[in-house]
Amino acid sequence: MTAYKDLSREELLELKSGLEARFEEVKAKGLKLDMSRGKPSAEQLNLSMGMMDVLHSGVDLICEDGVDCRNYGGLDGIAEAKQLLADMMEVPKDNVVIFGNSSLNVMYDTVARSMTHGVLGSTPWCKLDKVKFLCPVPGYDRHFAITEHFGIEMINVPMTPTGPDMDMVEKLVSEDASVKGIWCVPKYSNPQGITYSDETVYRFANLKPAAEDFRIYWDNAYCVHHLYEDKQDYLIEILSECKKAGNPDMVYKFSSTSKISFPGSGIAALAASEANLNEIRGMMKVQTIGHDKVNQLRHVRFFKDVHGIVEHMKKHADIMRPKFEAVIDVLEKELGGLEIGSWIKPLGGYFISFDAMDGCAKAIVAKAKEAGLVMTGAGATFPYGKDPHDSNIRIAPSYPTPEELAVATDIFVLSVKLVSIDKLLGNL
């Protein structure tokens, strides 16, 4: 294909005319399609329906250590659930606390505790003049929403093919004591699908923070979310690396079963050092009597062990893989060689990250909406919703049916072409 930038003005205008006619045809259909968030499809949710049958009125609800899941007790989770999530997160069981259905809630609470009570005896963040977080970009909008909610200043750190720009991370963390944390999605990152390299993980573990209460917020949301059995990214385990480096308290590691079982009724976990967990348990005693032990038991008896989770996720992959491949195939067929966009083909996770020409993302999302396709808002993958290049768009292929996805991708590609032509013509 000839790159759009190599076409004459007349050729661009002629091309635009044909594309606009196609766009109006699609627009007239009154479609209502959604690729805005990474929600599991109904087909994926159905994979876990057997979980509804493992517990019933005739079943024993006593845990292996004697805790009655119907009653009080078990503040930080039942032993079986700790073992299940610990094996999934590749950490010792004693380093895990089990929470409710959302790791996002655990992250929010972790920041909130730091704001009101500090971290391991340090000054509460709310009493400091300035608190900053490093934010790899493009990144996860809900992470950024938490830090913005607490008035924490967010600093963009560019992502590279091996993870965040570690030269920048090391410099900022070591020189500025007001930098208290960094958000990380280290495996199949949201939205690019990048997995941190061995060197990146080692450099994280060996950081030398100016702030004693600096913490790495390691959101390993997609630790078992592979698309292929024979092609999988590998991630070094951060908790053990921090311990080896003499920084055992520097990381909070989060995960959940939200996109494994039911997003609304999963279980979440936090893995951290003994000192960090003791502090967290102390505050949990005031905050809660413990999270839903019946649901924890339900998950354990359904999956049985981590091998059950792995086999379950192969079924998810069989549903997700064709959707990812369908989107990538259309992007390559329709946009390859035109030099109006780029993308990464991930091996796992939930998103495809698309980078349009600078200054085009908002217009593309708006154009797609005209034709009935709702996408994640342009800028959502950056702190404060401000993409300095207005170029990144997050594509979420999981929720639509294959038929809907084919139409949605065609609308997206058409929108990219039309907006890019306008950009080249000087209309944007």
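Residues numbered from 1 in each chain as written. Predicted model: local features only at pLDDT ≥ 70, side-chain atom pairs only at ≥ 80, totals over all residues. Heavy atoms only, no water.

Participant: Got a sec to walk through the overall build of the chain? Specific residues and values, please.
Facilitator: Across its full length, the chain carries 13 helices and 13 strands. A globule of 428 residues ought to have a C-alpha radius of gyration of about 22 Å, and the chain, at 23 Å, matches this closely. The principal-axis extent of the C-alpha atoms belonging to the chain is close to 75 × 55 × 35 Å. Taking all 428 residues of the chain together, the buried fraction comes to 54%. A separation threshold of at least 6 residues defines the contact pool for the chain, and within that pool the share at least 24 residues apart is 77%. Put simply, the chain shows about 18300 Å² of open surface, and 50% of that area lies on carbon and sulfur atoms. (Helix = DSSP H or I, 4+ residues; strand = E, 2+ residues; numbered from the N terminus. Rg over C-alpha atoms; globule rule 2.2 N^0.38 Å. Buried < 20%, exposed > 50% of the residue type's maximum accessible area, 1.4 Å probe, protein only. Contact = heavy atoms within 4.5 Å. Areas by Shrake-Rupley, 256 points an atom, 1.4 Å probe, with all protein chains shown as cover.)

Participant: Pulling in residues and values, what's your account of the nonpolar core?
Facilitator: Within the largest apolar cluster, 55 residues are counted, with the highest numbers of intra-cluster contacts made by Val-169, Phe-204, Phe-214, Ile-216 and Trp-218. For this core, the element with the most residues is helix H3 (residues 79-89), which contributes six residues. In this structure, Trp-218 is in contact with Cys-184, Pro-186, Tyr-196, Val-201, Phe-204, Leu-235, Ile-238, Val-251, Tyr-252, Lys-253 and Phe-254, ignoring residues within four places of it in sequence. By size, the runner-up hydrophobic cluster in this structure holds 50 residues, among which are Val-327, Ala-361, Ile-395 and Ala-396. (Core = buried A, V, L, I, M, F, W, Y, C linked by side-chain atoms within 4.5 Å.)

Participant: Residues and numbers for empty space enclosed by the protein, please.
Facilitator: Here the structure, examined in full by the defined rule, presents three cavities of 30 Å³ or more. Reported here for the largest cavity is a volume of approximately 90 Å³. Lining the largest cavity are 13 residues, and of these Pro-136, Gly-139, Tyr-140, Val-185 and Asn-190 sit closest to its centre. Of all the secondary structure elements, the ones that give two or more residues to the lining of the largest cavity are helix H5 (141-149) and strand E6 (179-184). Residues belonging to the lining of the largest cavity are distributed by class as follows: nine nonpolar, four polar and no charged. Looking at the second largest cavity, its volume works out to about 70 Å³. Taken together, Gln-44, His-225, His-226, Leu-227, Lys-259, Met-313, His-316, Ala-317, Met-320, Gly-349 and Tyr-350 make up the full set of residues lining the second largest cavity. The leading source of residues in the lining of the second largest cavity is helix H11 (residues 306-335), at four residues. (1 Å grid on protein atoms, 1.4 Å probe; cavity = no way out; pocket = protein on both sides within 12 Å on 5 of 7 lines; lining within 4 Å. Points joined across faces, edges and corners; volume = space filled by probe spheres on them. Nonpolar A, V, L, I, M, F, W, Y, C, P; charged D, E, K, R; others polar.)

Participant: Which residues make up the domain arrangement of the chain, and what values go with them?
Facilitator: Its domain assignment divides the chain into domain 1 (4-44 + 310-425) and domain 2 (61-304). Relative placement of domain 1 and domain 2: their C-alpha centres are 31 Å apart. Opposite the 30 residues of domain 1 that make contact, domain 2 presents 33 residues. Across the domain 1 to domain 2 interface the summed buried area is about 2800 Å²; carbon plus sulfur atoms make up 63%. Broken down residue by residue, the surface that domain 1 buries against domain 2 is led by Met-313, Leu-347 and Tyr-384, which jointly contribute 24%. Taken together, domain 1 and domain 2 are joined by three salt bridges. Salt-bridge contacts for Arg-37 lead to Asp-141; the nearest nitrogen and oxygen are separated by 3.2 Å. Inspection of the domain 1/domain 2 interface yields ten residue pairs in polar contact (both at pLDDT 80 or more). Going through the elements one at a time, H11, strand E11 (352-356) and strand E13 (392-395) are the ones with two or more residues in the side of domain 1 that touches domain 2. (Domains from an automatic or database assignment. Buried area = accessible area lost by both parts, 1.4 Å probe. Salt bridge = Lys/Arg side-chain N within 4 Å of Asp/Glu carboxyl O. Polar contact = N/O pair within 3.5 Å; in protein donor to acceptor, adjacent residues only side chain to side chain.)

Participant: Account for the pattern of salt bridges, with residues named and values stated.
Facilitator: What the rule picks out here adds up to 23 salt bridges. Lys-16 serves as the salt-bridge partner of Glu-20, at 3.8 Å between the closest nitrogen and oxygen. Of the two residues, Glu-20 and Lys-16 are both situated in helix H1 (residues 9-27); the distance of four residues between them amounts to about one turn of the helix. Judged by its relative accessible area of 35%, Glu-20 is partly exposed. Since its relative accessible area comes to 15%, Lys-16 is described here as buried. Among the ionic contacts, a cluster of salt bridges with common partners joins Asp-167, Glu-170, Glu-199 and Arg-203.

Participant: So what's going on with H3? Residues and values would help.
Facilitator: An α-helical turn contains 3.6 residues, so a residue and the one three or four places further along point in the same direction. A large share of H3 lies buried, amounting to nine of its eleven residues. Of the residues making up H3, those classed as buried are Ala-79, Glu-80, Ala-81, Lys-82, Leu-84, Leu-85, Ala-86, Met-88 and Met-89. Against the buried residues of H3 lie strand E2 (96-98), strand E8 (251-256), strand E9 (268-271), helix H10 (293-303) and H11.

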